[in-house]
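Letter by letter, the chains look like this.
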Amino acid sequence: MTSNASSSSFSDEDEESAGQKPKTGSIDYSPDAIENQLPSIALNTSIDEEKVSVADDHHEPVTEIARGSSREIEPERLISSTGESNLSTETGVWRNSSKVEVDGATSSPCSSGYAGEMGTSSGTASTSGADDIQELRNNSSSVGNDGEVLHSAQWVPGKRHVDEDDTCMSWRERKKHFFVLSHSGKPIFSRYGNEHKLAGFSATLQAIISFVKDGGDRIHLIRAGKHQVVFLVKGPIYLVCISCTEEPYESLRGQLELLYGQMVLILTESVSRYFEKNPKFDMTPLLGGTDAVFSSLFHAFSWNPASFLHAYTCLPLPCATRQAAAAILQDVSDSGVIYSMLMCKYKVVSLVGAQKAPLHPDDMLLLANFVMTSESFSPICLPRYNAMAFLHAYVHYFDDDTYLVLLTSNSDAFFHLKDCRIQIENVLVKSNVLSDIQRSLLEGGMRVENLPLYPSTRYGSLFHNEPSDRSQESLQPGIGGPDGLWHFIYRSMNLDQYVSSKFSSPITTHQHQKRLYRAYQKLYASMHDKETGPHKTQFKRDGNYVLLCWVTTDFELYAAFDPLADKGSAIRICNRVCQWVKDVENEIFLLGGGSTFAW
Amino acid sequence: MGLSSAAITTSSEALKFCIFDLRRGQHEGEELEKILFFFPADLPFPAQLSVIGLSEGLITFTRIFSPEAACEVIEAELHSHVFFEAEPDIWMVMVVAKSKETEAIWRIEALRSVLKEIHSLFIMFHGSIRVLLDKEPGGGLTRSHLFTFIMDYLNDFLMGNKFVLPNFRDSLKQRGTVQMLTVGREAAIEVQSLVGALDSCMGHTSGYSVILFQDLLVSTTLTPDDTTNLFSYATSRLTPRVLSSGGSSTWSYLRKGNAELASRSANIGSGLDGFRIVRPLQHGKWSKGKDGFLVTDIWGVEVGNLVPTTPTLWLQQTEHKMYLCAYQHKSLTIILLIPVTSMLNGEEGISMLKQQLLENASAKIVKVEEKLAKGWGGENAYHVKGYRYLLVDGDRNISRASPPGKVTTLTKESLLAINKVREDVDLEKSRGNGNNDEKDLEICIRAKNNAWVIARSTRGKELYIVLEKANETLLYASEAIEKFSDRYCNGAFSLD
């Protein structure tokens, strides 16, 4: 199947192909067949009526709001490294490579009768061979690793495999699908494949949801072997995830919530009103051009702990640097700016809000995801702040990674915000904040190898060179921290923030990092079980890790050790990690206090 | 009294249970052909078809993505739907209502083990569903067998007019496993000699023997699967505990209900008449005769002399039809299975065998019973102070657990927590791709109520422990497990 196709592009994830070979048995798996089987189901929608109509004039007013103000700022627009223009050149590269792939591949990813499509199935994307990806990732990770974050530099947002549909074997084998559809069964979005071609499949999903609903119940989950189908209904919008990634149900549902949040961020929740007026309302055009936003969000589901912790993380910085940044953000915040954020990728450098209400970490995640993949002055909606109203986000990139976001409710504030930005930039340059940010990006952060010995009287900082104050136990390079400590995540409860250590050996490859990520995700879900949680402590050992988790009212600690680690030592190490975090907290967290922001 | 229709309606909201065959009723208008069993039977057909339609639709749907393993469970807000493909294309689906108030909090695998048990017991007495369907393609034969059998089975779960299926309070139990009696060396030798004696009674017939003391297995010469099936039958219908409660009012009014339901089933099948239906699970039908042998008229009565026909069953692996012959002395139950084909003279041969057993083995039986009774510590024999535990040996289908009376002392929170941990382990196991032996797993959770909830799994063995009165440190909890493992599990769960 797809596994021997070669490609040089980085597709997201081994998620793209499950590598499973479905048997084509005597049973017809097509959606049509399924619908025939739900005869009495009272398929209360007739599928024939659901022909996808692109020309639907009901969407126009919203489009106007959504895109109206983006025109005027053309000269100002700075496009991020993952922005549109880059994407298009990347796409060119993909095309080239995928041609090779088509020539070289012995079998088409489509096993269906769509013979006409076989040769052209490589439109904008490529089918990636899992083995190739692995090799390349291994290489890249040895060059230098960002640490906390799976290396996203090689990962390019954008929709993949757009020509597939549910008759394609390759489509069926993708590890994690996301679908959004309307309550009438009209497709709105699909992570893989062509929404228009998936109309029948979409109608099947709708039939399942509404069948259970008609029985007076609400469907949450279907489990079949390694696959889970997770459903989330948000008024007239249905969201479905089909996954064989072994993530807990709670995590997948949380991801659907975020997916919905991302849509609200772009359109506000008022879009549901259009469905009230016209059940066959077509939402697809409203989301036009936002593929990169969603694909980047799906990517975040596999590496960004914020997506399940509901906390954000800060770029480690010397305390004085962060104070300088906060001061200048504070200066502009009285002039109609609701929130101003100085960010470096997904990490917060500083954050100031004019309002009492703190920004919800989920909103920050969605906003950062949106900003990094799209235009620079946009109306956006913060689902947790006010799901019905637009704010206006002014975004300016100072360099490839560092950007400023100013949020205002005034759509005419562009030039004012630009002035604010110039003011801020001057200060940031003068006070060396930007260079400190670059330095932190390169060498900052907590490394398990540097876990200090206690008791230690030395003032703790991540930004002093500490030559040889380490114990012998941690000296061997390449085996992580002392006593088999490989990695940790510390989440502060009252700050809504977390810090995670940089990935060190042996957690260096993409696969290892993702596996660890999934293990944390599972641990989090089991500690926070709806019925019985939150539990206090958990020790879990399997073939891959020893995991230790501590949940208190002040913090949560998730730590991963060598699977052979000794329990007693692991506990000691965890205590040291907590102490360490405390010692350097003013460098890794955005702390409240002072006049700036009440956290 | 009786099982009034009002009572059935109440329970139907809590439980729906159906068996259907995907190969039948493929054409429009013939959908009813698919249904082989439905509970509650008085649910209108459109409602029955709707349950089956959804199940069938989702089986097909999930196969798009997961061709090897189709739909296993649907979780909805108010119900769980548990799927089990009992035989190729023959599906059992159980729909249970969830409710925190009525403690209807389920572990899916526990519910599935009920489905599995129903099916393996059905096969043991009636053979496979597919064979029955092939024998009589109309389906009436199959439907009437399934109906009476499952209704008799479900009666075990009936409390008042409500079905009480295994919920989180049964987290420290494992259905479908055998509980063994631990015997001393001396007693073991006696048992061995008894097994020899039983063997020689059966002569060259190549029969099998199973010995139970109370509700615990002492010895078996059957394969593990057949032992498990026979064990669950024996402990639910044959052991002294069951027989002594056999005359209680429970069964008599249930039987009345059954009769009612069974008559209704006639309307479903194309014809109940003509099929003589053996009801092996019927309550209160076994009793101990004067000679010590257990008798029942379930399998009919010989015309003329009123001697009950000897029960028969099928072995799973060899598919041999066997006579079942059970003898009881005090707490000891001895079951002999003799191939029907080797008993050329049928009932007469069985009588001779019984005679032989009384003559040649009864002295040994008395001796073994005495020895075992002396060594037995009573119903709390396997209680370990401070621990509430379940130990499962998956390879040998054996489990041992804290006595139920002790498990009930646990708080609801602890039981819910261990239930959840078991669910997580179930999931990990199912994802293990069959090589479960590789899955070495250790989970220790300190729950909200400060109880330690622990799961260990290694080389096909699983251990679940709840410690409510334990010190707060993880090391203390680990030590407690280590001690338990060394003492009661031959160190299987110890970390060298």
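The structure presented is a predicted model; accordingly, all values stated were derived computationally and were not measured.

## A closer look at the overall build of chain A
No. 1: The number of helices and strands found in chain A is 18 helices and 16 strands.
No. 2: Classification of the 599 residues of chain A by burial places 59% in the buried group.

## Some points on the interface of chain A and chain B
No. 1: Counting from both sides, the interface comprises 58 residues of chain A and, opposite them, 55 residues of chain B.
No. 2: For the pair chain A and chain B, the summed buried area comes to about 5,200 Å², and 60% of that belongs to carbon and sulfur atoms.
No. 3: Remark: the boundary between chain A and chain B carries 6 salt bridges.
No. 4: The partner of A:Lys540 in a salt bridge is B:Glu428, and the shortest N-O contact between them spans 3.2 Å.

## Concerning the confidence of the model for chain A
All names here are of chain A.
No. 1: Chain-level statistics for chain A give a pLDDT mean of 74 and a share of 69% at 70 or above.
No. 2: Low pLDDT, under 50, characterises residues 466–477; the predicted model gives this stretch 13 contacts beyond four residues in sequence or across chains.
No. 3: Taken as a whole, residues 593–599 scores under 50 in pLDDT and shows 16 contacts with residues more than four places along the chain or in a different chain.

## Brief notes about the sheet that holds strand β1 (residues 15–21) of chain B
No. 1: The strand order across the open sheet formed by 10 strands is β2(A)-β1(A)-β5(A)-β4(A)-β3(A)-β3(B)-β4(B)-β5(B)-β1(B)-β2(B), and the pairing between neighbours is antiparallel. One side of each edge strand has no neighbouring strand; the edge strands of this open sheet are β2 (187–190) of chain A together with β2 (35–39) of chain B. On average, each strand axis in the sheet is inclined to that of its neighbour by 10°, with strand direction left out of account.
No. 2: Across 4 bridges, strand β3 (residues 219–224) of chain A lies against strand β4 (residues 227–234) of chain A in antiparallel orientation. If you follow A:Arg223 over to β4(A), its bridge partner there is A:Gln228.

## Digging into the side chain of A:Asp217
No. 1: Structurally, A:Asp217 is set in the loop between α7 (199–214) and β3.
No. 2: The side chain of A:Asp217 is buried and forms no salt bridge, while A:Arg218, the nearest opposite charge, is found at 6.1 Å.
No. 3: Within the structure, the side chain of A:Asp217 is placed 3.2 Å from the backbone nitrogen of B:Glu77, a separation counted as a polar contact.
No. 4: At 2.7 Å, the side chain of A:Asp217 forms a polar contact with the backbone nitrogen of B:Leu78.
No. 5: Not counting residues within four places of it along the chain, the set of residues in contact with A:Asp217 comprises A:Val212, B:Ala76, B:Glu77, B:Leu78 and B:His79.

## Looking at the sheet that holds strand β8 (residues 208–213) of chain B
Residue and element names in this part refer to chain B.
No. 1: If you walk across this open sheet you meet the 5 strands as β9-β8-β14-β13-β12, and the pairing is antiparallel. Unpaired on one side and paired on the other, β9 (216–220) and β12 (312–314) mark the two borders of the sheet. Going across the sheet, the axis of each strand differs from the next one's by a mean of 30°, ignoring polarity.
No. 2: Across the face of the sheet, helix α6 (residues 185–202) comes into contact with β8, β9 and β14 (332–339) while running at roughly 140° to β8.
No. 3: This element, helix α10 (residues 346–360), spans β13 (321–329) and β14 of the sheet and lies at about 35° to β13.

## Section: the side chain of A:Thr532
No. 1: Mapped onto the fold, A:Thr532 is located in the loop between α16 (510–527) and β14 (537–541).
No. 2: Of the polar contacts made by the side chain of A:Thr532, one reaches the side chain of A:Asp529; its length is 2.9 Å.
No. 3: Contacts of A:Thr532, omitting those with residues within four sequence positions, involve B:Glu413, B:Leu416, B:Ala417 and B:Lys448.

## Some thoughts on the state of the cysteines
Residue and element names in this part refer to chain A.
No. 1: Applying the stated rule across the entire model yields 0 disulfides over all chains.
No. 2: Take Cys549: it sits in no disulfide, and the sulfur closest to it among the cysteines is that of Cys574, at 9.4 Å.
No. 3: Residue Cys549 is classed as buried on the basis of its relative accessible area of 1%.

## Considering α7(A)
Residues and elements named next belong to chain A.
No. 1: Taking 1.5 Å per residue, 16 residues should reach 22 Å; α7 reaches 22 Å between its end C-alpha atoms and fits that length.
No. 2: Burial analysis of α7 places 13 of its 16 residues in the buried class, the great majority of the element.
No. 3: Looking one or two residues beyond α7, the residue adopting positive phi is Gly216, at roughly 80°.

## As for the packing of aromatic side chains
No. 1: A complete count under the given rule lists 42 aromatic pairs over all chains for this structure.
No. 2: Ring geometry for A:Trp171 versus A:Phe201: centroids 5.1 Å apart, planes at 85°, classification edge-to-face. Within this pair, whereas A:Trp171 is found in helix α6 (residues 169–173), its partner A:Phe201 is found in helix α7, the two being separated by 30 residues in sequence.
No. 3: Residue A:Phe201 is classed as buried on the basis of its relative accessible area of 1%.
No. 4: Measuring from centroid to centroid gives 5.8 Å for A:Phe201 and B:Phe65, while their planes differ by 75°, and the two rings are edge-to-face. Of this pair, A:Phe201 sits in helix α7 while B:Phe65 sits in helix α2 (residues 45–65), on two different chains.
No. 5: The ring of A:Tyr274 carries A:Lys277 above its face, with NZ or CZ at 5.2 Å from the centroid.

Calculation notes
Residues numbered from 1 in each chain as written. Chains lettered and ligands numbered in written order. Predicted model: local features only at pLDDT ≥ 70, side-chain atom pairs only at ≥ 80, totals over all residues. Heavy atoms only, no water. Helix = DSSP H or I, 4+ residues; strand = E, 2+ residues; numbered from the N terminus. Buried < 20%, exposed > 50% of the residue type's maximum accessible area, 1.4 Å probe, protein only. Contact = heavy atoms within 4.5 Å. Buried area = accessible area lost by both parts, 1.4 Å probe. Salt bridge = Lys/Arg side-chain N within 4 Å of Asp/Glu carboxyl O. pLDDT = per-residue confidence, 0-100. Pairing = 2+ DSSP bridges. Axes fitted to C-alpha atoms, helices over the stretch in contact; angles between N-to-C directions. Lys, Arg positive; Asp, Glu negative; His and termini not counted. Polar contact = N/O pair within 3.5 Å; in protein donor to acceptor, adjacent residues only side chain to side chain. Disulfide = S-S within 2.5 Å. Expected span 1.5 Å × (residues − 1). Phe/Tyr/Trp six-rings, centres within 6.5 Å; stacked < 30°, edge-to-face > 60°. Lys NZ or Arg CZ within 6 Å of the ring centre and 35° of its normal.

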